[in-house]
Amino acid sequence: MNTPSQDVWVYVEHPNGVVAPHTYELLGKGRDLAQALGGRLVAVLLGHDVASLAQTLGTADLVLSVDHQRLASFTPDAHARTVRALGESAMPRLLLCGATSAGIDLASLLSALVPVPMVVNVRAIEVEGGRVITTSQLCGGKLLCEMELTGCTVLTVLAGAFPAEAGFATRGAPVESMAAPAALDQAPVHVLRLIEPAGEDVDITRVSILIAVGRGIQRKENLQLAEELAGLLAGAVCASRPVIDQGWLPLSRQVGKSGMVVKPALYLALGISGAPEHLEGMRNAELIVAVNTDAGAPIFNVAHYGVVGDMFEVIPALMAQLRERKAA
Amino acid sequence: MKIAVLLTMVPDLVEELEIDPSGTALDTQWLRYVLSESDDHALEQALLLKDRHSASVTALALDYGDAEQALFTALAKGADAAIKIAPVPPGGPNRRGAAALFAEVLRRQPADLILTGVQATNDLDGHLPGLLGGLLDLRYVGVTRSVEASADGGLVVQKEYPGGVAAEISLPTPAVIGVISAPQPPRYVPVARIREVTKTRMVGVEAAIAVDPQPAAVIRRLYKPEPAGHATMLTGPPEQMAQELAAILEGRGLLR
Amino acid sequence: MTPVRETFWNIPHWAELAQYLLGVLAVIIFAAGVYLRVQRWRLGRPERLNGTLGDRLQAIASYALAQLRILADHFSGIMHLALFWGMVVLFLGTVLATVDWDVTRLLLNFQFLRGRFYLGYELVLDAFGAVVVIGLAMGLWRRYVRRARRLASQTVPTFAWDDMYLLGILLLIAVSGFLVEGLRISAHPPSWRAWSPIGSALAEAFRPLPEGTQRVLHFSLWAAHALLAFVFVASIPFTKAFHLVSSPLNVWLRDFSPPGALKAGTEAGVGVIADFTWKQLLELDACTWCGRCQDVCPAYASGSVLNPKHLIMKLDARLLRHPPRRGVHPNEQASLHGTAVSAPELWACTTCGACADACPVFIRQPQVIVDLRRQMVSQGTMDGMLQTALMNLTRYGNSFGQSERARPRWTQALGFKVKDARREAVEFVWFTGDYAAFDPRVQEMTRAVARILRAAEVDFGLLYEGERNAGTDARRVGEEGLFELLVDRNRQALAGARFRHIMTTDPHTYHALKHDYGAAFDGQGGIRPEVLHYSELLDRLISAGRLPLRQRLGLTATYHDPCYLGRYGGVYEPPRRVLRALGVRLLEMPRSRAGSFCCGAGGGRIWMEDTPGGRERPAEQRVREAAGLPGVSVLVVTCPKDLVMFRDAVKTTGLDGRLAVRDLAELVEEAVTAEEASHAA
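This structure is a prediction, so every number in the text was calculated from the model and none was measured. (Residues numbered from 1 in each chain as written. Chains lettered and ligands numbered in written order. Predicted model: local features only at pLDDT ≥ 70, side-chain atom pairs only at ≥ 80, totals over all residues. Heavy atoms only, no water.)

Student: With reference to specific residues and values, describe the environment of Arg-423 of chain C.
Tutor: By secondary structure assignment, the location of Arg-423 of chain C is in the loop between β1 (419-420) and β2 (426-431). The spatial distance from the C-alpha of Arg-423 of chain C to the C-alpha of Phe-30 of chain C is 68 Å, given a sequence separation of 393 residues. (Helix = DSSP H or I, 4+ residues; strand = E, 2+ residues; numbered from the N terminus.)

Next comes the structure, spelled out in structure tokens:
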């Protein structure tokens, strides 16, 4: 392995043929980092027939692209070994991946294969006099860890850590097509098919008012309260993971890191404590109101308005108020 | 099929986490350890495969933080064997160190399938299964919600993506899989059976030397986050708060 | 002519012999049947019974002879006493007649059924024969005209029309007996016939018939009466009539452990019928399908799938289909789970104990359910919420999933420090229980208790982080191993503390400490510490004048007896005395004291997912019962789970504002302080 450059690489994720918003977040931040380090920002684009995607990656100085049939659907082995091959000549100072299903697989495997160190769950990156300082989130958000990186490092970055707008570009970047490693043809890991969730009723990402329920709802029948309120406001009911895991609502209603990311005009969180995985899915809602019996619930750090109280008292009273106002 | 399940002990978040005087590590006075949640799912996934395909399941853990208890519980749930790996520093090594220790033992006792949780709450320098895949040069897929044995002796796994989408992936054994959830919740094992197992079964010990890799990064400080902002809290009896809230919603034009 | 019994008048000698032969045959069949039943009981595991001879004699007197529990329902109590005593007297009459004719006459050459004794004998038999008929008529009317709901059975262990068979055959026997007497008196009137009033009256009806016809009818009915009687006797072990044997036997063999006590059982619990103990199998056979347990069961009342009567009958049906010997037979290995009993049915039980308390023949339904639950736990058949609660209990010693260190945090708002019984000696060590310590809705009550004790200068302390859940509900969920683990930890904590007595705010904890913790529970100096519920302590303090009451509470209230304090613990009066001392006007709900209706939280139900049953939940039914009393504005509770369940129920039934749920401690504190305390209900 040669001496590391000061380049910053960003691994591009493109589910469904569109560059993921998260990748733009990384490109935006990567731009600043590359500048501070005095290197280039390189977008690493692996896939099949993805040349057109390079058009939106103009924030980068360069797009390193590998086009191969076996890279069409993501598998950790194929993508990690391809990135390793790309890094054979010059390993970048930083490789930014999303802390996503694909990103964490790629990063971990790559880190051991090259080998190159890695840091996970990063939410802040600064350059201080040529040194890179990262802040990672641990233990469900209860702890933050500030680290000084020693050399080349792979980073997995939390969604929403940086603004996506900074990474958008209307022009493309120069594309350098690289050959896929020879072994790729014989790669034994295959994606057989994509499983979509059963066709569901409501697409909560399109609804502008969401009533979200968490563990505090206690019983399945109490969902009725949320449904009533949603009905009054012409909105829909969604939930955090624990409620979905119980089977009280279908997967399509799950908001959070492994569910949907929503940006409604109103997000009314009932009995949701505010675990980081959930916040990831709704923190950018326009108006967040949280109702919880626990004054210390983390949701109150993200909400615009908070009510410390029993939802079974507050919501009926709210509905009465809303009915009055609507009638008036 | 020989299955190895790797168990990692992580700080129990039920307790208050305190930072020690150095400011770079957790205070261990009230620190308790619990088995990482996704490892519990990995064990359940292994036991499901054992139920269906009469595989043998061996649970392995690094010997720190009540790992023995977790290993006995695994035996009580149905694992065939349990091994603890020693010596290990009291709070456990970092993930790379852990991967190196597990890899050493797994080279001596190869398995067809290595299952472990895809991530743990205190991961900092990597995620265990991916690192292991690279170290052992084995096929690897992570974030799985189901693992099945296929007719040809390989595996078919479902890799989870957001929004309930999943990719069905086939790969040959031997392989490393990073589990996020098992198809059914981890099974319950009665306390009496755990106690019985603790008295009647043995946990094997494997020696491994902790390789101290070059630290990828130096911890400057470990701290508890200050909330960036806080909500405007409404006060008063429920009716009053409801009234205020209704006024806010109306003011924002959200009543239709 | 001296009155003497004319046995076998008009009966030819061959018929007399035939009668004896058939009688012996009937008895042999009866004995064989009983033997088969006993053999089935012996399939069960051993069980040791508690109780002295005196206890048992008293039980027979009260519950088999006086039938006090059956009398709880007046109409059916009188019906059954009439039937029972009527049949007993008639049976004794037959015995006397047999001894008179075949023993004393043959062997000793004398008959005692003569003269005045005989006249009295005749009168008594006629009277009790009538009593039997009246009893049967009452029974038939109740079952087929009024159609009492609890008598309906979905499946019957023996055969479908067994209920009708029993009433019917007894009626036929009784009526045919009177007809035979009537015919005899008509055809062959003795001078003392007035001593058989009913027979004489019937004789009038037969008088018009020619004597020959009367004699033929007499003989035919006599034969019919004899045959019916023999069929009845022979059929006893194979029909509902077997309860004549099994029920009194079960009363005699009753276990005298304290109410609600559970036996340890095997780790794997009950899977097949033979996993039960012999006593439990006897209990299944002792069931008379009366349905009183069903009537008092809160799970059944809320529409869940559990019906204790149906459960016992299904298990009995299974037992009767089992061959009466051990051996490797496919039927024997068939598990009860999923076939005779279902998981939802078993999980629906709140272990309130009302069923066992109501049962006239002392069946222990809760023990049956817990034994079956033990197997479900062993196999992990439970819902996610329950599993989480059990795991939390194992790991943290409380069902809330919070650190042990969080247990004493409720004391922080007190403004004074509560002694640590682990560090300094106290008179009372206070076992708060999980809900009183962790649930924010209950903590204010717990603090009120602390303030009251301080005001009364009671020397009390806590175990702080050393306290664990007492384990009562874990035990009743079927997790015996977890129970033992918790008991171990609590015993260690108590061993490291110095105290004289134990007080608790939680009835479940109260029961556990008093009974489940067993004889190995020793206090200092080898003296077993007294365990008090806080209502008992408050009662003592008020009676001793250590809690001067500054104001009388002029409210009308009703009191809910918690299952584990009342039915299980026998503590009914202390809370009532306290309330009266506070100046509260106390009205009783229709179901109070031992008849109290469970709030639905016990047996681990508060940890389980709610499965709506189609009717209102027990707590909702109970608050309506309270609100239905005229003038009552407050429902008083002395259990943290009751507080939580009833306050929820008041909201969901819309009784908010009409009925306030308040803990006894809150009321005492209000009466003890000069100003009125305001509490949001």
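Student: Explain the sheet that holds strand β14 (residues 287-292) of chain A residue by residue, including any values.
Tutor: Pairing between sheet strands relies on hydrogen bonds along the backbone, with the strands arranged either parallel or antiparallel. Taken in spatial order, the six strands make up an open sheet running β12(A)-β11(A)-β13(A)-β14(A)-β15(A)-β13(B), and their pairing is parallel. Looking along the sheet, the strands with just one partner apiece sit at the ends: β12 (236-239) of chain A together with β13 (232-234) of chain B. Within this sheet the neighbouring strands show an average axis-to-axis angle of 25 degrees, counted without direction. Summarising the sheet, β14 of chain A and strand β15 (residues 305-308) of chain A pair through four bridges and their orientation is parallel. When the bridges of β15 of chain A are listed, Asn-292 of chain A appears paired with Val-308 of chain A. Its contacts with the sheet put helix α6 (residues 238-251) of chain B on β13 (266-270), β14 and β15 of chain A together with β13 of chain B, and the angle it makes with β13 of chain B is roughly 130 degrees. (Pairing = 2+ DSSP bridges. Axes fitted to C-alpha atoms, helices over the stretch in contact; angles between N-to-C directions. Contact = heavy atoms within 4.5 Å.)

Student: Give me the lowdown on the packing of helix α25 (residues 573-581) of chain C against helix α28 (residues 664-672) of chain C, citing residues and values where you can.
Tutor: All names here are of chain C. Interhelical geometry of α25 versus α28 gives an angle of 30 degrees and a closest axis separation of 10 Å. In terms of orientation, α25 and α28 fall into the roughly parallel class. Once α25 is placed against α28, the crossing between them reads as left-handed. Residues Pro-575, Val-578 and Leu-579 of α25 lie in contact with α28, whose contacting residues are Leu-664, Leu-667 and Val-668. When the residues that make up the contact of α25 with α28 are grouped by side-chain class, the tally is six nonpolar, no polar and no charged. (Parallel < 35°, antiparallel > 145°, perpendicular 65-115°, else oblique. Left-handed = near helix turned anticlockwise from the far one by under 90°. Nonpolar A, V, L, I, M, F, W, Y, C, P; charged D, E, K, R; others polar.)

Student: So, the interface of chain B and chain C: which residues are in play, and what are the values?
Tutor: Between chain B and chain C, the residue contacts involve 18 residues of the former and 22 residues of the latter. Carbon and sulfur atoms supply 44% of the area that chain B and chain C bury against each other, a total of about 1700 Å² over both sides. The largest contributions to the chain B side of the interface with chain C come from Tyr-188, Val-191 and Arg-195 of chain B, which together make up 39% of the buried area. One can count four salt bridges joining chain B with chain C. Summed over the shared surface of chain B and chain C, the result is twelve residue pairs in polar contact (both at pLDDT 80 or more). Those elements giving two or more residues to the side of chain B that touches chain C turn out to be β3 (33-35) and α5 (191-200) of chain B. No other element matches the five residues that α5 of chain B contributes to the side of chain B that touches chain C. Taken together, the residues that form the side of chain B that touches chain C break down as ten nonpolar, no polar and eight charged. (Buried area = accessible area lost by both parts, 1.4 Å probe. Salt bridge = Lys/Arg side-chain N within 4 Å of Asp/Glu carboxyl O. Polar contact = N/O pair within 3.5 Å; in protein donor to acceptor, adjacent residues only side chain to side chain.)

Student: I'd like a description of the interface of chain A and chain B, backed by residues and values.
Tutor: Contacts between chain A and chain B engage 78 residues on the former and 77 residues on the latter. Buried area between chain A and chain B, summed over both chains or domains, comes out near 7000 Å², and the portion from carbon and sulfur atoms is 61%. When the area that chain A buries against chain B is broken down by residue, the three leading residues are Glu-146, Ile-195 and Arg-325 of chain A, summing to 9%. Joining chain A to chain B, the criterion identifies eight salt bridges. The residue Asp-77 of chain A makes a salt bridge to Arg-139 of chain B at a minimum N-O spacing of 3.7 Å. Taken together, the links from chain A to chain B amount to 26 residue pairs in polar contact (both at pLDDT 80 or more).

Student: Before we move on, can you summarise the packing of aromatic side chains with the specific residues and values?
Tutor: Counted according to the given criterion, the structure contains 22 aromatic pairs over all chains. Between Tyr-24 of chain A and Phe-168 of chain A the ring centres are 4.7 Å apart and the planes differ by 65 degrees, which places this aromatic pair in the edge-to-face class. Residue Tyr-24 of chain A is found in helix α1 (residues 21-37), and its partner Phe-168 of chain A is found in the loop between β8 (153-157) and β9 (175-178); the two are separated by 144 residues along the sequence. With relative accessibility at 9%, the residue Tyr-24 of chain A sits in the buried group. Here Trp-410 of chain C and Trp-430 of chain C contribute two aromatic rings whose centre-to-centre distance is 5.3 Å and whose plane-to-plane angle is 65 degrees, an arrangement assigned as edge-to-face. Of the two residues, Trp-410 of chain C is situated in the loop between α18 (384-396) and β1 and Trp-430 of chain C in strand β2; the sequence distance between them amounts to 20 residues. An aromatic cluster is present here, built from Phe-8, Trp-14, Tyr-20, Trp-101, Phe-219 and Trp-222 of chain C joined pairwise through their rings. Lying across the ring of Tyr-223 of chain B, Arg-221 of chain B places its NZ or CZ 3.6 Å from the centre. (Phe/Tyr/Trp six-rings, centres within 6.5 Å; stacked < 30°, edge-to-face > 60°. Buried < 20%, exposed > 50% of the residue type's maximum accessible area, 1.4 Å probe, protein only. Lys NZ or Arg CZ within 6 Å of the ring centre and 35° of its normal.)

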